[in-house]
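Residue-level structural notes
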Amino acid sequence: MKQSLVVVGSGSSPYHLVSALVGRGATDQLSVTVVSPEPVGPYERALFPSVVAGRRRAAELVSRPAEWYAEHGVSLRLGLRMTELDRARREVRLSDGTVLHYDRLVLAVGSKPLSVPSWVGPGSAGAGRPPVFTLSDLAGLASLSARAATARSAVVVGGGPSGVEIAWALAARGLAVDLVEAASRLMPSLLDAEAAQVMAARLSEAGIVVHPDSVATGASRVGDGDGDGDEVGGVAIVRRTASPDGVDAPARERQEWVAGDMVVLACGTVADAAAAAAAGLEVTSAGIVVDGSLRTSDPCIYAVGDCTDRSRQAGCSPEVDLQQAEALAAVLTGKQAPYSEPGLDVQLATPGLDVVVMGEQGAFVAPPAPAATATPAATPAATAYMRNPLRGIYRAVTVEDGVLRRAVLVGDATAAPQLRAVRRSVMPLACQPVDLIGAAIGPNGVAAPECDRSSAADTVTKQTANTAALRLVPSLEEAST
Amino acid sequence: MEHPLRIVVIGNGMVGHRFVELLAERDLATRCQVEVFGAESRPAYDRVALSSYFDGFDAEKLSLLPDRGYPGVVLHVGDPVVELDRGSRTVTSASGLTTSYDVAVLATGSRPFVPPVPGATAPGCHVYRTVEDLERIRDWSARATHGVVVGGGLLGLEAAGALGALGVETHVVEMAPRLLPLQVDEGGGAVLRRRIEALGIDVRTDCRIEEVLADDHGHARGVRLAGGETLTAEIVIFAAGVRPEDSLARSSGLAVGVRGGVEVGGDCRTADPYVYAIGECACVDGTVFGLVAPGYQMAEVVADQIEAVVSGGAVEDAARFPEPDTSTKLKLLGVDVASFGDAFGTSDGALELVYADHVSSVYRKLVVSDDGRRLLGGVLVGDTAAYPLLRSLAASGSLLAEDPERLLFPASGAGGGQSAGVAALPGEAIVCSCRNVSKSTIVAAVCEGGCEDVGSVKACTGAGTGCGSCLPMVKELVSLELAKAGKEVSRALCEHFDMSRQELFELVRVQGWDTFTEVVSAAGRGRGCDVCKPVVASVLASQPGHHPLDGEAAALQDTNDHFLANIQKDGTYSVVPRVPGGEISPDGLIAIASVAREFGLYTKITGAQRIDMFGARAEQLPAIWSKLVAAGFESGHAYGKALRTVKSCVGSTWCRYGVQDSVALAIQLELRYRGLRSPHKIKAGVSGCARECAEARGKDFGIIATEAGWNLYVGGNGGFRPRHADLLASDLTTDELIRYVDRFLMFYVRAADKLQRTAAWLESMEGGLDHLRSVIVEDSLGICAELDRQMAEHVASYSDEWKAVLDDPAKLARFSSFVNAPGVADPDIVFVSERGQIRPAGTHERTLTPASSASN
């Protein structure tokens, strides 16, 4: 009698998990049921920006048709949410009232918007203001895309990685874009000021106007001023600037209004851990707590993807989704491969603009002020960076105790594979920072002298290269050679 | 003119001194009446190198005054001018001396600026300007454990370094947000700070002194900073800048600049046509310069005008003060710092490329035009290797040949940034800034002057003979130009071998080949030529145990080696037995004399301190040598690319002046190195004292005795391009000396090019003498053990090659004039008599003899 496995979720991690399970022949031992709140089965979310950019249609998102699930003996329940989790009875209640029993449960419920600004009322478009969109699900993607097809301008609220990707995609589509960010630079938790400045310069070359230190306070329509009754949509923003009267004087605030036929919210996400918390699973502000086997505090319940704390700490990137999913599939089929995230590895989905951040989250934000003389034994973290404004390039590495801790690449990511390999080998650098980020690594991708060691590093590099292919390849089996 | 021009120079600092030096160089000092007044109690000294006083505390080493002073110039030391009366055109000094002038040149320099904070005059507070200041600092630091230096510029950091060397824990307090605020930018300042802090110096920027605190005796005990913090310090040095010393000008009614300095125009003349101002005290078109180079330029400008007046030319033709070059390259406490051009990116549209590395503590910033095609300026900290090229590129304003990012990373990328950069320089660009040599001068030296390597370019143009930092660029330029002219740049031997002599040597040594056939079939092609055959012969001969006439080897030799004798112009050969150290016994003299008499040879004493016998026919050589060998003589190798002799002077044995036994050492060395075959001949000498009677400094290696031992000099030669040998090491024991000479010779044998004397080899060596020293003395290449071993092998395997010939019938058979008529003498050899000896007959002296004439 097969054990029953219930997977709840619709994004990248359950997509990869199911693919991996089927690939491993798990359906021989397990009776698998996938519960998706969307009208289709799990899909690769990483392709959202290309749909926004108009390069592909929503229907082309990597996914599997219902027939595939049937063929592979996986039961698919669509359009249903998990409303209750009863751990004692090992049951989940779905939004249509049905109850599923599980021997093992995987929560892959992803994340939800961190906060919704108060000025965004219910509904996507109210009278008197431009429509407001989010990219939390397929429905949102579809309506955003439809609107983007006819809009001339857009305002994106939120300058984190997601906001930058969406702004870039809309600009690629030909819209004039304003990007509003509350902090003094874009992607404040990932980029230092120099890197952010180089990235902002590239964005502005693409027609995206960046508004740092700014908060959106409302969306509205105003007359377009030519007296014929037409109205223009836009967003009111308040910009805080330092007072010229000195550091201690209160900051000035300036009201501005930026035009936009549509507004996209990208103000950050948080793990959707409410149900887990309600069921008594261990949860932190980062998400559902899982161990190296992706097991929660309940031995029969696993979690994977953006809803987990580990994923958030590693930057919630598609790489992490894939690796966690594969690790979990191994665990579920009895192969206990110890798993640990390779650390932060974020690569923006902005074709034509390389932005890569890898390393330990928080290893540095700004280039550190020169430290006082260190104790003889330890070498404190120090950063080396280069910046070429002619080509809009910035490359930085942070080294501590001779080990590469963090790397940031803006404008040119040809050094990324080598940096990944070096970082993952976790051994002291045999070369100087200049060998990693100097001009030898140019647009031709000519690599600097070998710096990495060990075949393990090579394997990981290959895997990383493969995942890039995976986003566009429907079948895991085809890509895994 | 009725009387000689009376020139009064007010100030004897570096620039005032330079001005007098220029007058002397141009022969004006004696044609004018020059009087110099210096305020300090010492004559002019190198203030730029002031901090070096703390290495050894010898102020005399800094003196710029030539040994003989200024001929024809009156110098008043310690007697400043206190009044300049422009009406009567006189100056009056502190001692009361009044002198009239036709021309007065103000060169009063600067005075240190002390911030007006309470307590700044307390004992324990110092400035850092004169030798006396430094002497006081040295004395006071004996009682100090902590110190504060006010000012984080060039002088302040030097002062901090000096205090640190004196054992004082030092803080540097700088008002600006960074160190060296005038030379480096924020990023460079940050990296510089890391490096300075790594030396144990505490750095405070954005920090002002508010008060110097005193103890009960009124001595400095600390400083209070703005913000309240106090730093303990028993010594406080103010290095917070200088102000032009223009008080004389002010009191005499001359205009001064807004921030001080005697106002002058581009010709360095004040509004008073009889008064000039040069150096730090001058304000040229609104700017005061705190560097010595612009001051020297001003001195030239005024000297030009004086020269014009004296020689009757028009003053207007004289030079004007050109746009000064404010680029600087410094070494500060071991940290290299450079800035040039528009270092702070103030030009319109300028963009900055940055490499800031806090891991290796290196900073490079390039300022480029908005299209990236021109380099405008830059800042370098920690690594200034690219400075010469970058400075030239920025100064010339030429279009960059490649992506400026490649200039930011000179070491990486195919071909590096250097060669393309040098090619892109326009002709007027200055490549060697020490000697002011432009690219076009070097190119002309190569293309028209026949210079084919760096050594000859150095000799012809002077480029690279100053600080030497431009040599990589010079080398690139030479290669580039030779390549353009289609000339062979490679060190390959010839068309038969692609490798250089050095590479071939290593290969032969490692593979143990001992015939030309083996060598050319394995490492070359074809059959060889008269270029490679002698080289291969030399290489083979340098291997231990090899005889130049062994088997095939004989055929490789040119005629000299072929007969182990020197061929003369008439087809006869000379015979030179070895006389080690030039010491010969009466019996030895008699033996040589009887050989010469028996064979009717001409004898002469050579410059190498031995006896040469001329007029021997090829077939007579074995007979001559067998007599010499029987008398105990060996081959002197006068015919070979080998060690010739080690000359000696009389030395301490007999000579009143000798301090060491030069003869014994010379003999020991000659017996050690005899037979060593090398890329070119090796000559040596040993002198027993500094009078140098053995002329050791004109030798490939030369030794001069000192009280404490031997000084070793290398790389000299006489001949066509004489060169003095350079001091490699001093006061060596005999054992040390021999070890270093062993290594020097073996290194030379292995590494030099074909037919390259040691002098040329050293000239072309990267890093020059310093590199050689590091290889030989410090074993920086790790090859000394091997060199020692190879020399030991040579010594152990030495045998006289003439004796070997005499013992080997096969070798003996070669010694005939005509291969196809072995017993027949060469009838073309005819002698006549002169001064009691033979000499070759001149053409007019020969009688026609039939070809079949019998032998003599």
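Residues numbered from 1 in each chain as written. Chains lettered and ligands numbered in written order. Predicted model: local features only at pLDDT ≥ 70, side-chain atom pairs only at ≥ 80, totals over all residues. Heavy atoms only, no water.

So, on to the overall build of chain B. A count of helical and extended segments in chain B gives 26 helices and 39 strands. Sorting the 856 residues of chain B into buried and exposed places 52% on the buried side. For chain B, the computed accessible surface area is about 37,100 Å², with 51% contributed by carbon and sulfur atoms. (Helix = DSSP H or I, 4+ residues; strand = E, 2+ residues; numbered from the N terminus. Buried < 20%, exposed > 50% of the residue type's maximum accessible area, 1.4 Å probe, protein only. Areas by Shrake-Rupley, 256 points an atom, 1.4 Å probe, with all protein chains shown as cover.)

Here we take up the overall build of chain A. A count of helical and extended segments in chain A gives 13 helices and 23 strands. Taking all 481 residues of chain A together, 51% fall into the buried category. Of the contacts formed within chain A by residues at least 6 apart in sequence, a portion of 62% connects residues at least 24 apart. When the accessible surface of chain A is split by element, carbon and sulfur atoms take 53% of a total near 20,100 Å². (Contact = heavy atoms within 4.5 Å.)

This part covers the interface of chain A and chain B. Contacts between the two partners involve 23 residues from chain A and, on the opposite side, 27 residues from chain B. When chain A packs against chain B, the two sides together hide about 2,000 Å² of surface, and 60% of this comes from carbon and sulfur. Where chain A packs against chain B, one counts 2 salt bridges. Here R395 of chain A makes a salt bridge to E405 of chain B, at a shortest N to O gap of 3.4 Å. The interface formed by chain A and chain B includes 6 residue pairs in polar contact (both at pLDDT 80 or more). Of all elements in the fold, only β21 (382–388), β22 (393–400) and α11 (433–437) of chain A reach the threshold of two or more residues within the side of chain A that touches chain B. Sort the elements by how many residues they give to the side of chain A that touches chain B and β21 of chain A lands first, with 7 residues. Class assignment for the residues of the side of chain A that touches chain B results in 15 nonpolar, 5 polar and 3 charged. Looking at chain direction, β21 of chain A and strand β24 (residues 351–357) of chain B are connected through 4 bridges and run antiparallel. From the neighbouring strand, R387 of chain A faces β24 of chain B, where its bridge partner is V354 of chain B. (Buried area = accessible area lost by both parts, 1.4 Å probe. Salt bridge = Lys/Arg side-chain N within 4 Å of Asp/Glu carboxyl O. Polar contact = N/O pair within 3.5 Å; in protein donor to acceptor, adjacent residues only side chain to side chain. Nonpolar A, V, L, I, M, F, W, Y, C, P; charged D, E, K, R; others polar. Pairing = 2+ DSSP bridges.)

With that settled, consider the side chain of H126 of chain B. Residues and elements named next belong to chain B. Relative to the helices and strands, H126 resides in strand β9 (residues 125–127). Judged by relative accessible area, H126 falls into the buried class, the value being 9%. Setting aside chain neighbours within four positions, we find H126 in contact with R136, I137, W140, I235, V236, I237 and F238.

All names here are of chain B. By the secondary structure assignment, L728 is in strand β37 (residues 726–732). On the basis of relative accessibility, which here comes to 3%, the residue L728 falls in the buried class. Expressed as a C-alpha distance, the spacing of L728 and D770, which sit 42 residues apart in the sequence, is 8.4 Å. Every residue in contact with L728, bar those within four places of it in the chain, is listed here: L712, Y713, V714, L769, L772, R773 and I776.

On to the packing of helix α1 (residues 14–25) of chain B against helix α6 (residues 292–310) of chain B. Residues and elements named next belong to chain B. Taken N-terminus to C-terminus, the directions of α1 and α6 make an angle of 35°; their axes are 9 Å apart at the nearest point. Pair α1 / α6 crosses with right-handed handedness. In this structure, α1 uses M14, V15, R18, F19, L22 and L23 to contact α6, whose residues at the interface are V292, G295, Y296, A299, E300, V302, A303 and I306. Partitioned by chemical class, the residues of the contact of α1 with α6 number 11 nonpolar, 1 polar and 2 charged. (Axes fitted to C-alpha atoms, helices over the stretch in contact; angles between N-to-C directions. Left-handed = near helix turned anticlockwise from the far one by under 90°.)

In this section: the nonpolar core. Formed by 93 residues in total, the largest nonpolar core has its most connected members in V156, L170, M199, L203 and M262 of chain A together with L192 and V381 of chain B. Per-element accounting of this core gives the leading share, 7 residues, to helix α5 (residues 161–172) of chain A. Setting aside residues up to four positions removed in sequence, V381 of chain B forms contacts with V184, G188, V191, L192, V335, D336, V337, S361, V362 and Y363 of chain B. Among the nonpolar cores identified, the runner-up in size contains 60 residues, and M499, V539, I682 and A751 of chain B belong to it. (Core = buried A, V, L, I, M, F, W, Y, C linked by side-chain atoms within 4.5 Å.)

With that settled, consider the pattern of salt bridges. All names here are of chain B. On inspection of all chains with the given rule, the structure shows 60 salt bridges over all chains. D185 is the salt-bridge partner of K365, the closest N and O atoms lying 2.9 Å from each other. Of the two residues, K365 sits in strand β25 (residues 362–368) while D185 sits in the loop between β11 (169–173) and α4 (186–198), which places them 180 residues apart along the sequence. Summarising the burial analysis for this pair, K365 and D185 share the class buried. When salt bridges that share partners are traced, they join R18, E21, E25, R26, E300, D304 and E307 into one network.

Most of strand β36 (residues 709–714) of chain B is tucked away, with 6 of its 6 residues classed as buried. Following strand β35 (residues 701–706) of chain B, the chain reverses through 2 residues before pairing antiparallel with β36 of chain B.

Turning our eyes to something else, we now look at the side chain of E194 of chain A. Residues and elements named next belong to chain A. Position of E194 relative to the elements: it lies in helix α6 (residues 193–205). Of the polar contacts made by the side chain of E194, one reaches the side chain of R387; its length is 2.3 Å. Sequence-distant contacts of E194, that is, excluding residues within four places in its chain, are made with Y385, R387 and Y394.

Residue and element names in this part refer to chain B. One open sheet holds the 3 strands; their spatial order is β18-β20-β21, and the pairing between them is mixed. Both edges of this open sheet fall to β18 (262–264) and β21 (287–288), since each of them pairs with a single strand only. Bridging between β18 and strand β20 (residues 282–284) involves 3 bridges; their strand directions are parallel. Within β20, the residue paired with V262 across the bridge is A282.

Take a negative patch on the surface next. On the surface, a cluster of negative charge is made up of D226, D228, D230 and E231 of chain A. Residue placement: E231 of chain A occurs in strand β14 (residues 231–241). (Patch = residues over 30% accessible without salt bridge, like charges linked within 9 Å, V, L, I, M, F, W, Y side chains within 5 Å. Lys, Arg positive; Asp, Glu negative; His and termini not counted. Charge placed at Lys NZ, Arg CZ, Asp CG, Glu CD.)

Looking now at the sheet that holds strand β6 (residues 99–101) of chain A. The strands making up a sheet associate through backbone hydrogen bonding, with each pair oriented either parallel or antiparallel. Residues and elements named next belong to chain A. What the 3 strands build is an open sheet, ordered β4-β5-β6; its pairing is antiparallel. Every interior strand has two partners, whereas the edge strands, β4 (82–86) and β6, have only one. Sheet twist, expressed as the average angle between the axes of neighbouring strands with direction ignored, equals 20°. In this sheet, β6 lies alongside strand β5 (residues 91–94) in antiparallel orientation, the contact comprising 3 bridges.

With that settled, the discussion passes to the confidence of the model for chain B. All names here are of chain B. Here chain B averages 87 in pLDDT, and 94% of its residues register 70 or above. This model gives residues 412–420 a pLDDT under 50, and the stretch forms 18 contacts once residues within four places in sequence are excluded. In the predicted structure, residues 849–856 sits below a pLDDT of 50 and forms 4 contacts with residues beyond four places in sequence or in another chain. (pLDDT = per-residue confidence, 0-100.)

This part takes up the packing of aromatic side chains. What characterises a pair of aromatic rings is the spacing of the ring centres plus the angle enclosed by the ring planes. According to the stated counting rule, one finds 18 aromatic pairs over all chains in the structure shown. Taking 5.1 Å as the distance between ring centres and 85° as the angle between the ring planes, the aromatic pair formed by W68 of chain A and Y69 of chain A counts as edge-to-face. A relative accessible area of 12% places W68 of chain A in the buried class. The structure contains a cluster of three or more aromatic residues connected by ring pairs, namely F563, Y573, W625, W802 and F815 of chain B. The side chain of R138 of chain B reaches across the aromatic face of F57 of chain B, ending 4.7 Å from its centre. (Phe/Tyr/Trp six-rings, centres within 6.5 Å; stacked < 30°, edge-to-face > 60°. Lys NZ or Arg CZ within 6 Å of the ring centre and 35° of its normal.)

Its identity is not glycine, yet D401 of chain A carries a phi of approximately 50°, on the positive side. In this structure, L564 of chain B takes a positive phi of about 50° despite not being glycine. With respect to the helices and strands, the residue L564 of chain B is situated in the loop between α17 (559–563) and β29 (566–567). You can call L564 of chain B buried: its relative accessible area is 1%.

On to the confidence of the model for chain A. Residue and element names in this part refer to chain A. For chain A, per-residue confidence averages 81 on the pLDDT scale, and 82% of positions sit at 70 or higher. Scored below 50 in pLDDT, residues 363–378 makes 23 contacts in the model with residues more than four places away or belonging to other chains. Across residues 442–481, confidence stays below pLDDT 50; counting only partners more than four residues off in sequence or on other chains, it has 58 contacts.

All names here are of chain B. Burial within helix α15 (residues 532–541) is extensive, with 8 of its 10 residues counted as buried. Within the sequence span of α15, burial applies to C532, V535, V536, A537, S538, V539, L540 and A541. In this structure, the buried side of α15 is in contact with α13 (501–511), α14 (516–523) and α16 (553–556).

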